[in-house]
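Read off the chains here:
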Amino acid sequence: MSRPMSTSAQGSLRVLILAFDGVEALDFAGPFEVFTTASRVHARQHPQQPPLFEVQSVAQAELVQARAGLKLLADLNLDQAVQADLLIVPGGVVDAALASPATLAWIASQSQGARITASVCTGAFLLANSGVLHGDERVTTHWEDVAELRERFPGLEVVEDVRWVDNGRTVTSAGISAGIDMSLHLVERLAGRDLALCTARQMDFAWTPNPSAPST
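Residues numbered from 1 in each chain as written. Predicted model: local features only at pLDDT ≥ 70, side-chain atom pairs only at ≥ 80, totals over all residues. Heavy atoms only, no water.

Novice: Please set out the packing of helix 1 (residues 25-45) against helix 7 (residues 193-202) residue by residue, giving values where relevant.
Specialist: Direction vectors running N to C along helix 1 and helix 7 enclose 110°, while the axes themselves pass 9 Å from each other. When the axes of helix 1 and helix 7 are compared, the pair comes out roughly perpendicular. You can see that helix 1 and helix 7 cross each other, and the crossing is right-handed. Facing helix 1, whose interface residues are Val34, Thr37, Ala38, Arg40, Val41, His42, Arg44 and Gln45, helix 7 presents Leu195, Cys198, Thr199 and Gln202. Split into classes, the residues belonging to the contact of helix 1 with helix 7 amount to 5 nonpolar, 5 polar and 2 charged. (Axes fitted to C-alpha atoms, helices over the stretch in contact; angles between N-to-C directions. Helix = DSSP H or I, 4+ residues; strand = E, 2+ residues; numbered from the N terminus. Parallel < 35°, antiparallel > 145°, perpendicular 65-115°, else oblique. Left-handed = near helix turned anticlockwise from the far one by under 90°. Contact = heavy atoms within 4.5 Å. Nonpolar A, V, L, I, M, F, W, Y, C, P; charged D, E, K, R; others polar.)

Rendered as structure tokens:
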């Protein structure tokens, strides 16, 4: 059962997005754009209310180099991060993150207090390695990595040709653009379909709200 959602002191929902060396830039930036845009759209609709989402990036080291070389400056390091309401773990080249006990322990700890823990692409490997995904839970990842996820974590029910899988407590998505679809789905879960639709329109993004639509 999901824990009741906590909020920041300002009444906003905390969204923490993990960054690490080798992270896929759009796996990180896609959800970041969705939740910051949703908060901006919500502020226009409800100017007297506090920001809907408080979005921050977290990394073990302050400076992160994404997979294609883009450098990212994280808002917080692992020790500084407060408890997330929603934790998002992107994918990319996850070897270094998988080999970091501190990163895996942080994911596990944050997930215990978060209402929702979500992954994009190969971020599912980080959730599985940290013990967030377990048992016969249904999960997905990028189509290229489905076979490896099945091999490494045979207890999981790894499904393919879907955009995302929502188990309530955990949500996993396929690659890159599917992470944006999943993030809009999470906006719908947390704040309603109207805001999700307005956010997609503001982003000029053709949202695929059906998780069973084939991933490409």
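What follows continues from the structure just given.
Novice: Requested: an account of the sheet that holds strand 7 (residues 116-120), with residues and values cited.
Specialist: Taken together, 7 strands build an open sheet; the order of strands is 5-2-1-6-7-11-10 and the sheet is mixed. Since the sheet does not close on itself, it has two edges, and those belong to strand 5 (76-77) and strand 10 (164-166), each with one partner. Pairing of strand 10 with strand 11 (residues 170-173), which is carried by 3 bridges, proceeds in the antiparallel orientation. Residue pairing in the sheet places Trp164 in a bridge with Ser173 of strand 11. Packing of helix 1 onto the sheet brings it into contact with strand 1 (13-18), strand 2 (53-59), strand 6 (86-89) and strand 7, and relative to strand 2 it is tilted by some 160°. (Pairing = 2+ DSSP bridges.)

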